[in-house]
Amino acid sequence: MKHYFSLIVAAALSLTACGGESKSTMSSATPASSIPNATPASAAVIASDVATGTLAGPECTTVITSDDAMKFDPKDISIQSSCAQYTIILKHVGKMPAAAMGHNVVISKTIDKDGVLSDGASAGFDADYVKVADERVVAHTKLIGGGEETSVTFNTSKLVKGEAYEFYCSFPGHYAMMNGKIAFSAN
Ligand code: CO
C-alpha cells in the first residue's frame, strides 16, 4: 500500500503543481527495506490513477525498476502506436539517496542522447540532470533516490516511426549501465 499512497501523492502534486516538476519527498521517509521488489500493487495503482486521467492504461504502461547497482529492468520497451499516451513508472528499490545514486528515466532519439546528457549534467541535481525545456527530450521523470517511485505520462505523437529512441538515466556517469531501447511500432 505504500506504493499506492506515494503514487497518489505524486499524482496529486502533478495535478496541482504546474508541470509536475515538484519533488515528492513523501516516500523518502519510507525505509527502503520495506519496499518489496515485486510490484503487486501496480495494477491497482494504475487503475486508480487512470480514473483521474493521470496515467495511461495498463497496456500503455511500463514499470521500470532501478537499484543501487545502476540496473534498469527491463532493458527494452515496446510502445504500440495504438497508445495515444504512454506512462513510464520508475521505481528505485535501492537504499541510497538521490544525491549519491539518483535515477531518472529520460527518453530521446539515440542521435540526441549525447547532447541531452551533457546539457543535463550542466543543469545539475536540482534540475534532475535534465536541461529545462530541452526539446530533444521526449519525456523524463524526476530524479529519485532509494525507496522512491515516480512516473511520467507523455503523448506518443512525439515519437516518429522508424526513428531510434532510447531511455536512460541522466545522472552523470549512469548512462553506460542505465540505458535501454524503445521500439515504437504499429500494432
Ligand atoms: Co541513475
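Residues numbered from 1 in each chain as written. Predicted model: local features only at pLDDT ≥ 70, side-chain atom pairs only at ≥ 80, totals over all residues. Heavy atoms only, no water.

Quick word on the sheet that holds strand E6 (residues 137-140)
Then, in step 1: Taking strand neighbours across the sheet as the criterion, the five strands line up as E3-E9-E8-E5-E6 in an open arrangement whose pairing is mixed. Each having just a single partner strand, strand E3 (76-80) and E6 make up the two edges of the open sheet. Strand-to-strand twist of the sheet, defined as the mean angle between neighbouring strand axes without regard to direction, takes the value 25 degrees.
Then, in step 2: Direction of pairing for strand E5 (residues 106-109) relative to E6: antiparallel, over a ladder of three bridges. Within E6, the position partnered with Ser 108 by the bridge is Val 137. (Pairing = 2+ DSSP bridges. Helix = DSSP H or I, 4+ residues; strand = E, 2+ residues; numbered from the N terminus. Axes fitted to C-alpha atoms, helices over the stretch in contact; angles between N-to-C directions.)

Structural notes on the coordination of the cobalt ion
Then, in step 1: Protein coordination at the cobalt ion: the donors are Gly 102 (O), His 103 (ND1), Cys 169 (SG) and His 174 (ND1), at 2.1 to 2.5 Å from the metal.
Then, in step 2: Between the four donor atoms coordinating the cobalt ion, the angles at the centre fall across 78 to 132 degrees, so the site counts as irregular.
Then, in step 3: Going along the chain, you hit the donors of the cobalt ion in the pattern G-H-x65-C-x4-H.
Then, in step 4: We classify His 174 as buried; its relative accessible area is 5%. (Donors = N, O, S within 2.8 Å, 3.2 Å for Na, K, Ca; no water. Tetrahedral: all angles 85-135°; square planar, octahedral: opposite > 155°, others 65-115°. Buried < 20%, exposed > 50% of the residue type's maximum accessible area, 1.4 Å probe, protein only.)

Regarding the state of the cysteines
Then, in step 1: As enumerated under the stated definition, the model contains one disulfide in all.
Then, in step 2: The residue that forms a disulfide with Cys 60 is Cys 83, at a sulfur-sulfur distance of 2.0 Å. Linking Cys 60 and Cys 83, the disulfide has an S-S dihedral of approximately -85 degrees and is accordingly described as left-handed. Taken as a pair, Cys 60 in the loop between helix H2 (42-52) and strand E1 (61-66) and Cys 83 in the loop between E3 and strand E4 (85-92) lie far apart in primary sequence, 23 residues in all. (Disulfide = S-S within 2.5 Å.)

A word on the confidence of the model for the chain
For residues with low pLDDT, the predicted coordinates do not support detailed interpretation.
Then, in step 1: Scored by pLDDT, the chain comes out at a mean of 81, with 71% of its residues at no less than 70.
Then, in step 2: Counting contacts from residues 1-48, a segment whose pLDDT is below 50, to residues more than four positions away or on other chains yields 59 contacts. (pLDDT = per-residue confidence, 0-100. Contact = heavy atoms within 4.5 Å.)

A closer look at the sheet that holds E1
Then, in step 1: Ordered by their spatial adjacency, four strands build an open sheet running E2-E1-E4-E7, and the pairing between neighbours is mixed. Of all the strands in the sheet, the pair left with one neighbour each is strand E2 (72-73) and strand E7 (149-155).
Then, in step 2: Pairing between E4 and E7: seven bridges, direction antiparallel. Bridge pairing in E7 places Tyr 86 opposite Phe 154.

Structural notes on the environment of Asp 128
Then, in step 1: Locating Asp 128 in the fold gives a position in the loop between helix H4 (113-123) and E6.
Then, in step 2: Between the C-alpha atoms of Asp 128 and Thr 141, which are 13 residues apart in sequence, the distance is 8.4 Å.

Topic: the environment of Thr 65
Then, in step 1: Looking at the secondary structure, you find Thr 65 in strand E1.
Then, in step 2: For the pair Thr 65 and Glu 149, spaced 84 residues apart in sequence, the C-alpha separation works out to 9.3 Å.
Then, in step 3: With residues near it in sequence (within four places) discarded, Thr 65 still touches Lys 71, Phe 72, Asp 73, Lys 91 and Val 93.

Regarding the pairing of E4
Then, in step 1: In terms of residue burial, E4 counts as a mostly covered element, since seven of its eight residues are buried.
Then, in step 2: In terms of strand pairing, E1 meets E4 through six bridges, oriented parallel. Within E4, the residue paired with Thr 65 across the bridge is Lys 91.

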